[in-house]
Amino acid sequence: MKLISLLVVPVLVAFAGDGYAHADQQPACSAPVRPFDDQNDVEWRRFLDQTEAFRACIGALTHRHQRASDEHQALARQSVEQWNEFVRTTLNAPEDYPWPPRDVNEQSRTF
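In short, a report on the structure.

So, how was this worked out
- Residues numbered from 1 in each chain as written.
- Predicted model: local features only at pLDDT ≥ 70, side-chain atom pairs only at ≥ 80, totals over all residues.
- Heavy atoms only, no water.
- Helix = DSSP H or I, 4+ residues; strand = E, 2+ residues; numbered from the N terminus.
- Buried < 20%, exposed > 50% of the residue type's maximum accessible area, 1.4 Å probe, protein only.
- Areas by Shrake-Rupley, 256 points an atom, 1.4 Å probe, with all protein chains shown as cover.
- Phe/Tyr/Trp six-rings, centres within 6.5 Å; stacked < 30°, edge-to-face > 60°.
- Expected span 1.5 Å × (residues − 1).
- Polar contact = N/O pair within 3.5 Å; in protein donor to acceptor, adjacent residues only side chain to side chain.
- Disulfide = S-S within 2.5 Å.
- Patch = residues over 30% accessible without salt bridge, like charges linked within 9 Å, V, L, I, M, F, W, Y side chains within 5 Å.
- Salt bridge = Lys/Arg side-chain N within 4 Å of Asp/Glu carboxyl O.
- Contact = heavy atoms within 4.5 Å.

### Some words on the overall build of the protein
Here is step 1: In terms of helices and strands, the protein carries three helices and zero strands.
Here is step 2: The linear arrangement of helices and strands in the protein, starting from the amino end, is α-α-α.
Here is step 3: For the protein, the residues scored as buried account for 4% of the 111 residues in total.
Here is step 4: Accessible area for the protein stands at about 10000 Å²; split by element, carbon and sulfur atoms hold 60% of it.

### Details of the packing of aromatic side chains
Here is step 1: Counted according to the given criterion, the structure contains two aromatic pairs.
Here is step 2: Relative to F47, the ring of W44 has its centre 5.2 Å away and its plane inclined at 40°; by these criteria the two rings are tilted. With a gap of three residues between them, W44 and F47 both fall in helix 2 (residues 41-89), about one helical turn apart.
Here is step 3: By relative accessible area, W44 is classed as partly exposed at 25%.
Here is step 4: Accessibility expressed as a relative area gives 12% for F47, which makes it buried.
Here is step 5: Considering the side-chain rings of W83 and F86, the 5.5 Å spacing of their centres and the 40° angle between planes classify their relative orientation as tilted.

### A look at helix 2
Here is step 1: Helix length check: helix 2 (49 residues) gives 71 Å between terminal C-alpha atoms against 72 Å at 1.5 Å per residue, within 8%.
Here is step 2: Two or three places before V42, at the start of helix 2, stands the capping residue N40, its side-chain oxygen 3.0 Å from that residue's backbone nitrogen.

### Notes on the state of the cysteines
Here is step 1: A full pass over the atoms with the stated rule returns one disulfide.
Here is step 2: Between the sulfur atoms of C29 and its disulfide partner C57 the distance amounts to 1.9 Å. A torsion of -85° about the S-S bond marks the disulfide between C29 and C57 as left-handed. Placement of the pair is C29 in the loop between helix 1 (2-21) and helix 2 and C57 in helix 2, with a sequence separation of 28 residues.
Here is step 3: Relative accessible area serves as the criterion here: at 14%, C29 is assigned to the buried category.

### What about a nonpolar patch on the surface?
Here is step 1: On the surface, W83, F86, Y97 and W99 cluster together into a nonpolar patch covering about 490 Å² of accessible area.
Here is step 2: For F86, the location among the structural elements is in helix 2.
Here is step 3: F86 gets classed as partly exposed once you look at its relative accessible area, which sits at 36%.

### Re the environment of W44
Here is step 1: Once the C-alpha coordinates of W44 and R34 are considered, the two residues, ten residues apart in sequence, prove to be 8.0 Å apart.
Here is step 2: Those residues in contact with W44, other than ones at most four positions away along the chain, are R34, P35 and D38.

### Looking at the pattern of salt bridges
Here is step 1: Scanning all chains against the criterion turns up four salt bridges.
Here is step 2: With its nearest N and O atoms 3.0 Å apart, the salt bridge here joins E85 to R88. Of the two residues, E85 and R88 are both situated in helix 2; the distance of three residues between them amounts to about one turn of the helix.
Here is step 3: Residue class for R88 comes out exposed when judged on its relative accessible area of 59%.

The structure is reproduced here in structure tokens:
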């Protein structure tokens, strides 16, 4: 039972950490409400200020997500490079690792 706990806990922590990293997906920006009375200078100025703050918030949110996307793309490329390096240096392809994989029924007939 202790062995299972030792194996399961790190996996759960890894998944929890990944979920936590993406927990902040809801935009923190909120659009202003246009004032009913367009002629009220104070309300109109407040609306324009809130509009500018909303625009800046959306811009920052977009920039943050674009950076995260760039980082994810770079990590995906690194993963592919890691796999390709492993195949080039470790596998005796195609003997050890045929591509495309042989049919399961074909493999059973060769034994």
